[in-house]
Amino acid sequence: MRWLKGVFLAIILLLVLLVGILFAVNNQQAVPLNLIWTELPPASLSLWLLGSLAVGVLLGMLAMTGVYLRLRTLLTRAQRHNQQQRKELDRLRIQELKEVA
């Protein structure tokens, strides 16, 4: 089953790569990018779009870093509390066995 997942993932990756190549080939016209305060030199449309996608992905990852760190801290705290509760439960079980014996 694991190999099937790998094959499926490889097929999807190849399809995405093929679509990206076709996108880049079909969008070769040079377009200047106007950023209100400055105008960047003309480059292919596919370059501008793929660049903006990369910047968006990076900004999204940066924005999620705070949430990830907060959740990671909460998970660590919960695991520590769980471990303390297990120790206390084991201590109470041993104490109960001593009282019964």
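Coordinates for the structure precede this section.
Draft legend 1. Looking closely at the side chain of Ser-46. Its place among the elements puts Ser-46 in helix H2 (residues 45-100). On the accessibility criterion, Ser-46 (5% relative accessible area) is buried. In this structure, Ser-46 is in contact with Phe-23, Ala-24, Asn-27 and Gln-28, ignoring residues within four places of it in sequence.

Draft legend 2. The arrangement of a nonpolar patch on the surface in detail. Residues Met-1, Trp-3, Leu-4, Val-7, Ile-11, Leu-15, Leu-18 and Leu-22 make up a contiguous nonpolar surface patch of roughly 880 Å² in combined accessible area. One can find Leu-22 in helix H1 (residues 2-26). When its relative accessible area of 46% is taken as the criterion, Leu-22 is described as partly exposed.

Draft legend 3. Examining the environment of Val-67 more closely. Mapped onto the elements, Val-67 comes out in helix H2. Relative accessible area serves as the criterion here: at 31%, Val-67 is assigned to the partly exposed category. For the pair Val-67 and Val-16, spaced 51 residues apart in the sequence, the C-alpha separation amounts to 29 Å.

Draft legend 4. How the structure looks around unusual backbone geometry. Phi is positive for Ile-36, which is not a glycine, with a value near 70°. Structurally, the position occupied by Ile-36 is in the loop between strand S1 (30-34) and strand S2 (39-44). Residue Ile-36 is classed as exposed on the basis of its relative accessible area, which comes to 82%.

Draft legend 5. Broad picture of the pairing of S2. Bridging between S1 and S2 involves four bridges; their strand directions are antiparallel. Counted as the bridge partner of Val-31 is Ala-43 from S2. Between S1 and S2, which pair antiparallel one after the other, the connecting turn spans four residues, and Ile-36 there sits at a positive phi close to 70°.

Conventions we followed
- Residues numbered from 1 in each chain as written.
- Predicted model: local features only at pLDDT ≥ 70, side-chain atom pairs only at ≥ 80, totals over all residues.
- Heavy atoms only, no water.
- Helix = DSSP H or I, 4+ residues; strand = E, 2+ residues; numbered from the N terminus.
- Buried < 20%, exposed > 50% of the residue type's maximum accessible area, 1.4 Å probe, protein only.
- Contact = heavy atoms within 4.5 Å.
- Patch = residues over 30% accessible without salt bridge, like charges linked within 9 Å, V, L, I, M, F, W, Y side chains within 5 Å.
- Areas by Shrake-Rupley, 256 points an atom, 1.4 Å probe, with all protein chains shown as cover.
- Salt bridge = Lys/Arg side-chain N within 4 Å of Asp/Glu carboxyl O.
- Pairing = 2+ DSSP bridges.

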